[in-house]
Amino acid sequence: MMAPGKGILAADESDSTAGKRLQMVHLPNEEAHRQDFRELLFTAPGINQYLSGVILYDSTIKTAADDGTPFPDVLTARGIIPGIKVDLGTKDFEGFPGEVVSQGLDNLEDRFVEYYNLGARFAKWRMVVTIDEQIPTDACLEANAVMLARYAQMAQKTGIVPMVEPEVIFAGDHDIARAEMVTTRALQILFQTLIKYKVDLQGLILKSSMVLAGDTYHEQSTPDQIANATLRTFHMSVPHEVGGIVFLSGGQSPKRATENLNAIAKLGPQPWPITYSYSRALEEPFLLAWQGKPENTEHAQEVLLHACKMNSLAAEGNYVVGEDQVLK
Ligand code: 13P
């Protein structure tokens, strides 16, 4: 999963979130369009050179390509490891306004066996951390961390690599210092809990947000500020034996996500391999080129390949911003 020069595509949107992607190209949220969208992503020529894994959603891992080959088999045949998102979204954390806890532990052991048999070899669980004046609370970070630890234990028992994702939400008017404090706290609580629950850290991947000022803060963080704050945060909270760190794009523009990854990689090497696991920053350039039209397919798949290639270069600190005319 952490092969040098490769990253991960998160194509694990729920059916309703996939509908938001399709809305960008004016397609109705119907099963046939979701299938078409995913098939074009997974079969894009050349992407196996840059992608080590693709994260799927419950309905997607059970969907087949037009020729009848199940999506996980399409990926495996290309040397790409199928993964699965296993949390079932969030619900309000009672008594803590504005905070949420992820759910999905019920029957998870059985679901892991089912997903393993379908070809999944890693699994993602996302917890959501929102920044506001009074939040996040330690109580919410702790409740989520326990859920993540239980899921990670079960995953490892089934032979599935857990990818733990505490996403600190980019939306907000907080400054970068606050984002750094919150991310450090969330990661410290998470790793203390994972250790307490005897999760094997070598067989675990951290999926993290980058540390940056909120999207409505008056001064947007520069790549250098983001790289320094993000790596300081990791060095304060992520044990060195963790198998790897991958980034979500979190609503940053594709170009910005790539540029920031590049700035982080340039400060390496770090104790952990570091790469990308983007959804929007890889899918949006594809969608804009595709527009849901068959005549645009080839070009759209080339754009996806380009986005994967640029991020793979960035993961090694070799992305040259000025030379990239495609990503916006
Ligand atoms: P984005 O890259 O769009 O943030 O999505 C990654 C992800 O997996 C969020 O859970």
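Just above, that's the structure.
To keep things clear, this report deals only with the structure shown in the data block. These numbers come from a predicted model, not from an experiment. (Residues numbered from 1 in each chain as written. Predicted model: local features only at pLDDT ≥ 70, side-chain atom pairs only at ≥ 80, totals over all residues. Heavy atoms only, no water.)

**Some thoughts on the nonpolar core**
Formed by 96 residues in total, the largest nonpolar core has its most connected members in Phe42, Tyr151, Leu194 and Trp290. Residue contributions to this core peak at 10 residues, all from helix α6 (residues 138-158). Setting aside residues no more than four positions away along its own chain, tyrosine 151 makes contact with Val86, Leu105, Leu108, Phe112, Ala123, Lys124, Trp125, Pro162, Met163 and Val164. If you look at the next biggest cluster of nonpolar residues, it comprises eight residues, including Ile55, Phe122, Ile205 and Val246. (Core = buried A, V, L, I, M, F, W, Y, C linked by side-chain atoms within 4.5 Å. Buried < 20%, exposed > 50% of the residue type's maximum accessible area, 1.4 Å probe, protein only. Helix = DSSP H or I, 4+ residues; strand = E, 2+ residues; numbered from the N terminus. Contact = heavy atoms within 4.5 Å.)

**Observations concerning the site of the ligand**
If you check the shell around the ligand, you find 13 residues, and the closest are Lys124, Lys207, Ser249, Gly250 and Arg280. A distance of 3.5 Å is found between an oxygen atom of the ligand and a side-chain nitrogen or oxygen belonging to arginine 126. Between glutamate 165 and the ligand, the recorded distance is 3.0 Å, taken from a side-chain N or O atom to an oxygen atom. In isolation the ligand has 300 Å² of accessible area, and contact with the protein removes 93% of it. Contributions of two or more residues to the shell around the ligand are made by β6 (122-129), β7 (161-168) and β10 (274-278). (Near = heavy atom within 4 Å. Polar contact = N/O pair within 3.5 Å; in protein donor to acceptor, adjacent residues only side chain to side chain. Areas by Shrake-Rupley, 256 points an atom, 1.4 Å probe, with all protein chains shown as cover.)

**Some details on the packing of helix α8 (residues 223-237) against helix α9 (residues 254-266)**
Direction vectors running N to C along α8 and α9 enclose 60°, while the axes themselves pass 8 Å from each other. Relative to α9, the element α8 is oriented oblique. In this structure, the crossing between α8 and α9 has a hand that is right-handed. For the pair α8 and α9, contact is made by Pro223, Ile226, Ala227, Thr230 and Leu231 and by Arg256, Glu259, Asn260, Ala263 and Ile264, respectively. Looking at side-chain class alone, the contact of α8 with α9 contains six nonpolar, two polar and two charged residues. (Axes fitted to C-alpha atoms, helices over the stretch in contact; angles between N-to-C directions. Parallel < 35°, antiparallel > 145°, perpendicular 65-115°, else oblique. Left-handed = near helix turned anticlockwise from the far one by under 90°. Nonpolar A, V, L, I, M, F, W, Y, C, P; charged D, E, K, R; others polar.)

**With respect to the pattern of salt bridges**
Inspection of the entire model under this criterion finds 14 salt bridges. Glutamate 180 is paired through a salt bridge with arginine 232; the nearest N and O atoms lie 2.8 Å apart. Here the residue glutamate 180 occupies a position in helix α7 (residues 176-196), and arginine 232 occupies one in helix α8, the gap between them amounting to 52 residues. You can call glutamate 180 buried: its relative accessible area is 18%. (Salt bridge = Lys/Arg side-chain N within 4 Å of Asp/Glu carboxyl O.)

**Remarks on the environment of threonine 297**
Here threonine 297 is to be found in helix α11 (residues 297-314). Residues threonine 297 and arginine 121, spaced 176 residues apart in sequence, show a C-alpha to C-alpha distance of 29 Å.

**So, the side chain of glutamate 167**
Structurally, the position occupied by glutamate 167 is in strand β7. Residues within four places of glutamate 167 in sequence aside, it is in contact with Arg126, Met127, Val128, Val129, Ser209, Leu248, Gly250 and Arg280.

**Remarks on α7**
With 21 residues, α7 extends 30 Å between its outermost C-alpha atoms, agreeing within 8% with the 30 Å of an ideal straight helix rising 1.5 Å per residue. Taken together, the buried residues of α7 touch β6, α6, β7, β8 (205-208) and α8. In the stretch just after α7, lysine 198 is the one whose phi turns positive, near 60°. (Expected span 1.5 Å × (residues − 1).)

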